[in-house]
Amino acid sequence: MGLLSDPNRRRALTNLLTRLNTPLCVVCYLAGVAWFMGLAFEPFTLRTYMSENAMGSTMVEEKFGSGERALATAREFAAHKKKADGMPVDWLVKAMQSRGLEVFTQSFSRTLPFPDENKERYMVHGTNVYGILRAPRGPRTEALVLSAPCSPGNSNNQAVGLLLGLAQYFRGQIYWAKDIIFLVNEHDLIGMQAWLEGYHHTNTTGMSWTPLHGRAGSIQAAMSLELSSDVVTSLDLVLEGLNGQLPNLDLANLFYAFCQKIGVLCTIQGKLQRNDWDTSSGYNHAVQTMLLMVLKQASGRPWGDHGLFLRYHIEAVSVRGINSFRQYKTDATTIGKLLEGMFRKLNNLLERLHQSYFFYLLPSLSRFVSIGYYMPAFGLLTLILLLRLGSLASGTEDGLAEGEQASSTGVLSVLTPVVISHLTGMALFMLPVLSQETAVEHFPVSETEAVVLTAIAIYTAGLALPHNTHRVLTGEGTEQGWRVLKLVAVLYMAVLLGCTALINFSLGFILALTLVPIAAFVTPHMPRVLYAFLMVALSPGFTLLYCVFLYQELQEAPVSLLDGWNIFLSVISQGILDHSLYGSLVYPLLSLFIYPCWLLLWNILFWK
Amino acid sequence: MAAPLTLVLIVAVTIRAVLFNSSLAELISERVEVVSPLNAWKRVVEGLALLDLGVSPYSGDVFHETPLIIYLFHFVIDYADIVFMIADGITAVALYLAVQDYNKGVFRKQKYALEADRYPHDCLELIRTPKEMYYIPLKVALFYLLNPFTILSCVAKSTCGLNNAVIALFILSTIKGSALLSAIFLALATYQSIYPLTLCVPALLFLLQRLYIPVNVRRPSFWLFTMQYAFMFLGSLSVIVCLSFFLLSSWDFIPSVYGFILSVPDLTPNIGLFWYFFAEMFEHFRLFFICVFQINVFFYTIPLSIKLKEHPVFLIFMQIAIISIFKSYPTVGDIALYMAFLPLWSHLYRFLRNIFLVSCVLLACSALFPVLWHLWIYAGSANSNFYYAITLLFNVGQILLVSDYFYAYLRREHHLTHGLYLKRRDGSEATLVLK
């Protein structure tokens, strides 16, 4: 209380903070970045460990042995898929029935707001087929899900084959205490969305689907399998779900433990673990793995079919088989054993997975960084905003005492840019999809291009706002005016970034990296051209562009500028689609809040 | 002055009408920050359905509003939206008139003091001018009607809006000097939610001051008026309670409403301090801590009324704020009521020390409530501790806000008697320190 009530000490502290403000801000920024980069350094991370008792202590002996038969089924499935030119529903129903499952189908249809050029789909019709293995032991109030997508072309046939093989083997065992649902979903995430909505009787995205006729208990955990070859070199674990949500770390631990036990190479982000953390190349490797995870999480899209389960409080991962030129090969029997082991452990669960972490970053599969370790990196960046807020507030208070009569016009001159930039944000959010038809009529572009280009056009048009609006409305801006506006903008940004980082740390951190320097240092008294250039280069749209290039670089697939631009365009269209199909929040967040906030700062630069 | 008020009213009603018809209304009415088990509209509808079926609305432990409210909505259920908008309008207008009257009184008193040359000479900059005071009533109405908290509360049809209207009418009638109406509205407010009981002290102080009766226990006139007021208050309270009994012909509502408020059986998370504490508590300590928490709400009345006995209206503000912080089922609607008074104390601005910090904290917390709720309930990745941490911070922010105003008020009064530029004994400049 002393600090809050003693005016002398307060004054001393305020003076210190005002005097050292700029150096403190720079130090905080550098410290934040250094802290973040340090997270990948192995001595600073923790070793993963299994927290859940029910999965840790019990021994499981894997007996699955019919990998070859599963591959034969896969070939049969491939043949039928080719014949039916899509999902071979009848064959799948029969195959599941002959393996003793209760089989049900669900058909769904969905018209996308505009054609998806990556996956070449617009009006989607499809059918999900799922079979339920009723638990011979236990009250049948809980369930586990194993799913495999029925993808176009030649991919993922082996996954369906292995799924059917496992179903047959699981049917013969007596120890199941939870129902097991074997799901083959068409049109990857759209089918998954339809099935999950049907299962939980919700409809959040306006998709039409037929109701499910068979249900099992509440789903405790789910795994999605993607296999496209008979043998694989390694299994890749995909964790990132919708809006950057991650499954409980115990699920990753379980996968890692079984890979170690059975001797399967396991990767995360497609990167093998290395043991040479003390060399610079080893550290680089860990940084790359972690950055890939950060970028994927920040994108807010589900990176595997498991991604939509997380929304329903169901812990889920995708396991993806990778076949490279490496010598080491794993056959379908071993993968089957791995899945069997994991399912038996999950079958032992007494309550939902909750013991381990939900907020983490993985620099490798055996090492993790928990929220307590990575939040300070973000905290240091937000501290800059708070420091600025403090110095601005003391500056403004002095100013207010001098000229109080200006306050009423001051409110108006601050309110106008706030309202106008939010209206621009609204336009950026609504117009691209709404105006696609008009755009297609008048310009020689496809619908998808029209949407993306409209978005970019509105984004660019927003830059012209300060010249046209607030000067006309309120005349020359006063010295007091921009200070108040900056106060509002910095406070707004601090709250916004804080909320974002709580839900999706990676997104919050990436945005903070680029936006915080602008927010901290923008004033109307700077060389305008240089700073305008800098601000545009640090704006949210350009951040997205850098992320695209960085992602390609980390994937070891560097692209030329033109290709990068094309990927950038498709990323925008995917972002808009993710929002309307699955309810991803990244696009609305960027267009309705972050972009207007950046526009406020842009207004400050052109205040006079 | 009527035209701007009408304009504000029209704007406020438009915003509410638009929100009522949007899809947001349903979302808002589910938020735990906006509705509590006590005042949720869903529960009122349930109570009405039970009443229509001829069952006591209190059977089933869902409905906890008072019988008068349920009979009010029994007749106007189809116009519920309009009732809530009117309630907000009444609150705003009542506060507007009350503040106008109060400001006149303040100004008159200041004029007498100036004429009697009672203020020190360096205090002229503390003297309030009519120009500065002219817009205060309008600002109060504006603060109430356009406060996002009020709007949310109204759109969620939280019955908190009706309670606020009753309290506002009580303040109006007190300031207008009508002891009978003041007692009646106070009885109504007490009947609605018990806690406004503590407002009887400031009301009494104000009415005594108005009649120039000194607060002195040895004066018979003091006792006479106190007894009069207490009699009116208790009389109208018993009339209302008996009326409720005759409406339902059972005493069910006493345990269901007042027992529910006092013993806090429903631990649904809200922005208050009770739910987490009592969810964590061992059962055998529960009664003791319930008593401690509830006495806490009422206890501040004694020291505050001794310290502020010359300033009953400020005391009303303090009491309303304390009730809305410490009551068992607070919602944002309660906060909106005391926040409406803040423009009235705008002359204290120069003495406020943490107002910027506190408003940042309150703003950030309001944004974090839904985020942490999402993480806890929907994503399942956070837990109740996260949400409670924000609740705690929000309440600390409110307490700092109120104590800051309290300190500023006392400091201004101190300067008005001792001069603005205090000197130490050795002649150097002195500073006031709160310890």
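Residues numbered from 1 in each chain as written. Chains lettered and ligands numbered in written order. Predicted model: local features only at pLDDT ≥ 70, side-chain atom pairs only at ≥ 80, totals over all residues. Heavy atoms only, no water.

Per an unreviewed UniProt entry, chain B is named Phosphatidylinositol glycan anchor biosynthesis class U protein, and its organism is Conger conger. One UniProt comment on chain B, placed under Subcellular location (unreviewed entry), says "Endoplasmic reticulum membrane". The heading Sequence similarities (unreviewed entry) in the UniProt record of chain B holds the text "Belongs to the PIGU family." (UniProt positions renumbered as here; feature names shortened; annotations may be inferred.)

As annotated in an unreviewed UniProt entry, chain A carries the name GPI-anchor transamidase component GPAA1 and is attributed to Conger conger.

Trainee: Explanation requested: the overall build of chain B in the structure shown.
Mentor: Of the regular secondary structure elements, chain B holds 20 helices and zero strands. Expected size for 435 residues packed as a compact globule is a radius of gyration near 22 Å; at 23 Å, chain B falls within 12% of this value. Along the longest, intermediate and shortest principal axes, the C-alpha atoms of chain B span 75 × 55 × 55 Å. Sequence-distant contacts in chain B: of pairs separated by 6 or more residues, those separated by 24 or more amount to 75%. Taken as a whole, chain B presents about 19700 Å² of accessible surface, with 69% of it coming from carbon and sulfur. Charge centroids of chain B, computed over 29 positive and 26 negative side chains, lie 13 Å from each other. (Helix = DSSP H or I, 4+ residues; strand = E, 2+ residues; numbered from the N terminus. Rg over C-alpha atoms; globule rule 2.2 N^0.38 Å. Contact = heavy atoms within 4.5 Å. Areas by Shrake-Rupley, 256 points an atom, 1.4 Å probe, with all protein chains shown as cover. Lys, Arg positive; Asp, Glu negative; His and termini not counted. Charge placed at Lys NZ, Arg CZ, Asp CG, Glu CD.)

Trainee: Teacher, can you tell me more about the packing of helix α9 (residues 249-262) of chain A against helix α11 (residues 332-347) of chain A here?
Mentor: The relative placement of two packed helices is expressed as an angle between their axes plus a distance between the axes. All names here are of chain A. Relative to each other, α9 and α11 sit at 135 degrees, their axes nearing to 10 Å. Taken together, the axes of α9 and α11 are oblique relative to one another. In terms of crossing hand, the pair formed by α9 and α11 is right-handed. Mapping the contact onto sequence places Leu251, Leu254, Phe255, Phe258, Cys259 and Ile262 in α9 and Thr334, Lys337, Leu338, Gly341, Met342, Lys345 and Leu346 in α11. (Axes fitted to C-alpha atoms, helices over the stretch in contact; angles between N-to-C directions. Parallel < 35°, antiparallel > 145°, perpendicular 65-115°, else oblique. Left-handed = near helix turned anticlockwise from the far one by under 90°.)

Trainee: Could you clarify how one ought to interpret the nonpolar core in this entry?
Mentor: Note on soluble globular proteins: their nonpolar side chains tend to be buried together. Ranked by internal contacts, the top residues of the largest apolar core, which has 345 residues, are Trp195 of chain A together with Trp345 of chain B. It is helix α5 (residues 80-115) of chain B that contributes the most residues to this core, 14 residues altogether. Not counting residues within four places of it along the chain, the set of residues in contact with Trp345 of chain B comprises Tyr102, Val313, Phe314, Phe317, Tyr405 and Tyr409 of chain B. (Core = buried A, V, L, I, M, F, W, Y, C linked by side-chain atoms within 4.5 Å. Buried < 20%, exposed > 50% of the residue type's maximum accessible area, 1.4 Å probe, protein only.)

Trainee: What am I meant to see in the sheet that holds strand β12 (residues 360-364) of chain A here?
Mentor: Sheets are built from strands paired through backbone hydrogen bonds, the pairs being either parallel or antiparallel. All names here are of chain A. Spatially, three strands are ordered β1-β13-β12 in an open sheet, and the strand pairing comes out antiparallel. Each edge of the sheet is formed by a strand with only one pairing partner; in this case those strands are β1 (46-47) and β12. Two strands pair when backbone bridges link them, and β1 and strand β13 (residues 367-370) are joined in this way by two bridges, in the antiparallel orientation. Bridged to Leu46 within β13 is Phe368. (Pairing = 2+ DSSP bridges.)

Trainee: Even after reading the chapter, I still don't get a positive patch on the surface, so can you show me in this structure?
Mentor: A contiguous patch of positive charge, built from Lys104, Arg108, Lys111 and Arg210 of chain B, is present on the exposed surface. Within the secondary structure layout, Arg210 of chain B lies in helix α11 (residues 200-210). (Patch = residues over 30% accessible without salt bridge, like charges linked within 9 Å, V, L, I, M, F, W, Y side chains within 5 Å. Salt bridge = Lys/Arg side-chain N within 4 Å of Asp/Glu carboxyl O.)

Trainee: Any chance you could explain the pairing of strand β2 (residues 102-116) of chain A here in plain terms?
Mentor: Residue and element names in this part refer to chain A. Bridge analysis of β2 against strand β3 (residues 121-133) gives 11 bridges, and the strand direction is antiparallel. Residue Arg110 lies in a different strand from β3, and its bridge partner there is Val124. With antiparallel pairing between neighbouring strands as the criterion, β2 and β3 make up a hairpin whose turn holds four residues, including Glu120 at a positive phi of roughly 50 degrees. Note that β2 and strand β6 (residues 208-209) share two bridges and pair antiparallel. Residue pairing in the sheet places Phe108 in a bridge with Trp209 of β6.

Trainee: Looking at this structure, I do not really get a nonpolar patch on the surface. What am I missing?
Mentor: On the surface, Val411, Leu415, Val419, Leu423, Met426, Met430, Leu431 and Leu434 of chain A cluster together into a nonpolar patch covering about 760 Å² of accessible area. Along the polypeptide, Met430 of chain A turns up in helix α13 (residues 407-434).

Trainee: Would you explain a negative patch on the surface in this entry?
Mentor: Where like charges cluster on the molecular surface, the negative patch consists of Glu117, Glu120, Glu437, Glu441, Glu447 and Glu449 of chain A. On the secondary structure map, Glu120 of chain A appears in the loop between β2 and β3.

Trainee: What is the right way to read the pattern of salt bridges from this model?
Mentor: Two side chains of opposite charge can pair, provided their charged atoms sit close to one another. Across all of its chains, the model carries 23 salt bridges over all chains by this definition. For the salt bridge of Lys261 of chain A with Glu62 of chain A, the shortest nitrogen-to-oxygen distance reads 3.1 Å. With Lys261 of chain A in helix α9 and Glu62 of chain A in the loop between α4 (53-56) and α5 (67-84), the pair connects residues that are 199 residues apart, well separated along the chain. Relative accessible area serves as the criterion here: at 45%, Lys261 of chain A is assigned to the partly exposed category. Classification of Glu62 of chain A by relative accessible area gives buried; the value is 14%. One salt bridge connects Lys176 of chain B with Asp101 of chain B, and the closest N-O pair in it is separated by 3.6 Å.

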